[in-house]
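Each chain is listed here by its residues.
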Amino acid sequence: MPKPPASIPDQARTRRFWNPEIQTLPRAELEALQLKRLQEAAGIAYDRAPFFRRRFDATGIRPDDIVSLDSLRQVPPFSKADLRADEAAHPPVGQYRASGLRGAVRLATSTGTTGRPTYVLFTGHDIGVENELGARNFWRLGYRPGDVVVNAHPGYLNGGQANVGGVMEHLGCLSISIGPPEDDDRIIDTLQRLDGLAIDHWQLMPAAAVRILQAARRRGWTGVLPPIQDATPLLQLDLISAGMECVGFLGSTCRPGLGTGAHVAEDHALIEALDPGTGQPVPDGERGYLVCTSLGRDNPMIRYNLEDVVRIDRSPCDCGETHLRAWWDGRGKDVVRVAGRAILPLDVWRHLSFDAQYVLLRRPHEMDRLEIRLEGTPADDLAARIEAGTGVPVHVTQIPAGSLARSSYKFERVIDLDRGEPA
Ligand SMILES: [Zn+2]
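Residues numbered from 1 in each chain as written. Predicted model: local features only at pLDDT ≥ 70, side-chain atom pairs only at ≥ 80, totals over all residues. Heavy atoms only, no water.

A.B. asks: For this particular structure, what's the right way to read the pairing of strand β11 (residues 288-294)?
C.D. replies: The two faces of the sheet receive side chains in turn, since in a regular strand these alternate between them. Of all 7 residues in β11, 7 are buried, a share of seventy percent or more. The pairing of strand β10 (residues 269-274) with β11 spans 6 bridges and is classified as antiparallel. Counterpart to A273 in the pairing with β11 is L290. Note that β11 and strand β12 (residues 304-313) share 4 bridges and pair antiparallel. Residue V291 lies in a different strand from β12, and its bridge partner there is N305. (Buried < 20%, exposed > 50% of the residue type's maximum accessible area, 1.4 Å probe, protein only. Helix = DSSP H or I, 4+ residues; strand = E, 2+ residues; numbered from the N terminus. Pairing = 2+ DSSP bridges.)

Given below as structure tokens:
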């Protein structure tokens with residue numbers, strides 16, 4: 001790590017946690033804080049957000065009925081489809097924001113990975129919460145005041161660039177926003193502009209890192225590049241989010257690249273992992289859909305089902321943080337059902353290199369083997385290793401380099417095929 005400027009005291013870079021008091025709060029105190037904030041959030045949502053009031057009323061629940069963390073389960077979860085329907089019924093932004101449009105200071109949209117983007121509305125206070133949680137996240141990953149950070153998240157109506165940039169400024173980093181990589185000419189032009197800036201960190205999605213690296217290889221670029229030579233697919237497990245519209249900077253790992261789980265900011269979020277079929281909690285360590293309730297915000301979300309697949313670990317972590325850990329295994333829409341099991345791209349990716357180009361095939365019925373298309377030549381034991389990890393038969397089809405569509409922001413790793421189409 002480079003030397004910090006003399007203006008930044010050592011102690012501002014060397015302390016263990018961004019916010020030691022809250023990150024190591026004893027469990028009993030943390031849960032008391034959660035209950036107090038949950039009751040406040042339920043009251044705000046019921047009084048000022050008709051979307052939530054209708055949901056409470058439909059099940060006969062009042063905010064006063066929330067007397068324990070478990071009693072939250074009486075409130076039915078909602079999903080992105082419910083937010084879209086609310087925005088359509090009450091344009092333009094729906095009625096799920098307590099602040100309303102005029103009480104907010106920043107409007108953005110979600111990325112629209114699973115359909116039409118929804119609006120994201122921040123009050124000044126809620127931006128402050130995201131900055132605080134983002135600072136904890138990136139502190140764990142080694143970002144320090146004085147560091148130079150390139151941010152390749154999208155701008156314009158999408159809020160990613162502003163949110164990540166805001167966190168970096170809050171941390172005291174120098175933030176350089178370049179947007180997601182586009183064509184090769186733009187990528188090389190951007191790399192030329194970045195050369196000589198002594199970059200410490202690249203904040204970008206894996207798909208963007210791979211896109212930049214491939215353009216640089218094609219053009220013979222030898223200057224500054226995102227450091228993906230040593231990157232592992234387990235980096236996916238370093239960060240966890242409940243979506244910009246709920247808790248964007250939900251958590252990060254205390255051991256980058258090792259897949260040991262991300263500490264979740266429990267003072268600002270109550271998370272559950274639910275069986276998508278029964279709606280009941282799955283045992284800790286098993287895969288379930290992430291349901292998040294945001295705490296301590298002007299615009300609370302009460303039991304938002306992200307339809308993302310996560311695992312939760314409540315066992316103590318020896319780093320000293322008291323907040324639970326969770327793994328983001330992937331998106332529910334990317335689940336491929338094979339021989340009674342739910343398989344996700346990460347189950348394959350973890351056996352490949354970081355920049356491997358591959359897709360999982362999905363057919364309209366449950367499949368009896370996992371079918372994978374991979375660019376280039378697979379390792380001899382690849383299918384056997386994936387079979388050992390997933391417990392299902394695996395068939396890998398080799399395809400020519402460059403045949404899969406490239407993405408500049410998020411990977412598309414699943415292709416839907418007809419029943420009899422060849423793998
Ligand atoms: Zn830890």
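Back to the text.
A.B. asks: So what exactly am I meant to see when it comes to the coordination of the zinc ion here?
C.D. replies: Metal coordination angles have textbook ideals: 109.5 degrees for a tetrahedral set of four donors and 90 or 180 degrees for an octahedral set of six. The zinc ion binds to the protein through C254 (SG), H263 (NE2), C317 (SG) and C319 (SG), with metal-donor distances spanning 2.1 to 2.3 Å. Given 4 donor atoms and angles of 103 to 114 degrees at the metal, the environment of the zinc ion is assigned as tetrahedral. Spacing between the donor residues of the zinc ion along their common chain follows C-x8-H-x53-C-x1-C. Taken as a pair, H263 in strand β9 (residues 262-264) and C319 in the loop between β12 and β13 (325-331) lie far apart in primary sequence, 56 residues in all. Of the two residues examined, H263 and C319, each falls in the buried class. (Donors = N, O, S within 2.8 Å, 3.2 Å for Na, K, Ca; no water. Tetrahedral: all angles 85-135°; square planar, octahedral: opposite > 155°, others 65-115°.)

A.B. asks: Got a minute to help me understand the sheet that holds strand β18 (residues 394-399) in this structure?
C.D. replies: Taken together, 4 strands build an open sheet; the order of strands is β18-β17-β16-β19 and the sheet is mixed. Two strands in the sheet have a free side with no partner beyond their single neighbour: β18 and β19 (414-416). Taken over all neighbouring pairs, the strand axes of this sheet differ in orientation by 30 degrees on average, direction set aside. Here strand β16 (residues 358-362) pairs with β19 via 3 bridges, running parallel. Note that in β19 the partner of R362 across the bridge is D416. Sitting on the sheet, helix α11 (residues 382-390) is in contact with β17 (370-375) and β18, with an inclination near 140 degrees to β18. (Axes fitted to C-alpha atoms, helices over the stretch in contact; angles between N-to-C directions. Contact = heavy atoms within 4.5 Å.)

A.B. asks: Before we go on, may I ask you to explain the packing of helix α4 (residues 50-58) against helix α5 (residues 80-89) in this structure?
C.D. replies: Each packed pair of helices is defined by two parameters, the angle between the axes and the distance between the axes. Where α4 contacts α5, the two axes come as close as 11 Å, and the packing angle between them is 120 degrees. When the interaxial angle is binned, α4 and α5 end up oblique. Both α4 and α5 take part in a crossing whose hand is right-handed. For the pair formed by α4 and α5, the contact residues are F51, R54 and R55 on the first element and D82, L83 and D86 on the second. The class makeup of the residues in the contact of α4 with α5 is 2 nonpolar, no polar and 4 charged. (Parallel < 35°, antiparallel > 145°, perpendicular 65-115°, else oblique. Left-handed = near helix turned anticlockwise from the far one by under 90°. Nonpolar A, V, L, I, M, F, W, Y, C, P; charged D, E, K, R; others polar.)

A.B. asks: How should I be thinking about the environment of G146 in this particular structure?
C.D. replies: Positionally, G146 belongs in the loop between α6 (124-140) and β4 (148-151). The class for G146 is partly exposed, based on a relative accessible area of 29%. Separated by 26 residues in sequence, G146 and G172 have C-alpha atoms that sit 6.1 Å apart.

A.B. asks: What should I look at first to understand unusual backbone geometry in this one?
C.D. replies: The phi torsion of most residues other than glycine is negative, and most of the peptide bonds are trans. The peptide bond linking P91 to P92 adopts the cis configuration, its omega dihedral lying at 0 degrees. Mapped onto the secondary structure, P92 falls in the loop between α5 and β2 (106-109). At E307, a position not held by glycine, the phi torsion is positive, near 60 degrees. Along the chain, the position of E307 falls in strand β12. Positioned with a positive phi, A339 is a non-glycine residue whose angle comes to about 45 degrees. As for its position among the elements, A339 is in the loop between β14 (336-338) and β15 (341-343). Given the relative accessible area of 44%, A339 is considered partly exposed.

A.B. asks: What exactly am I supposed to notice about the packing of helix α8 (residues 184-194) against helix α9 (residues 206-219) here?
C.D. replies: It is at 9 Å that the axes of α8 and α9 come closest, and there the two elements cross at 90 degrees. Here α8 lies roughly perpendicular to α9, going by the angle between them. In this structure, α8 contributes D184, D185, I187, I188 and L191 to the contact, and α9 contributes R211, I212, A215, A216, R218 and R219. Of the residues belonging to the contact of α8 with α9, the class tally is 6 nonpolar, no polar and 5 charged.

A.B. asks: Can you walk me through the sheet that holds strand β5 (residues 174-177) in this structure?
C.D. replies: Sheets are built from strands that pair by backbone hydrogen bonding, the pairs being arranged parallel or antiparallel. Ordered in space as β5-β4-β6, the 3 strands form an open sheet in which the pairing is parallel. The open sheet has two edge strands, β5 and β6 (201-203), and neither has a second partner. Strand-to-strand twist of the sheet, defined as the mean angle between neighbouring strand axes without regard to direction, takes the value 25 degrees. Pairing between β4 and β5: 4 bridges, direction parallel. Counted as the bridge partner of V148 is L174 from β5.

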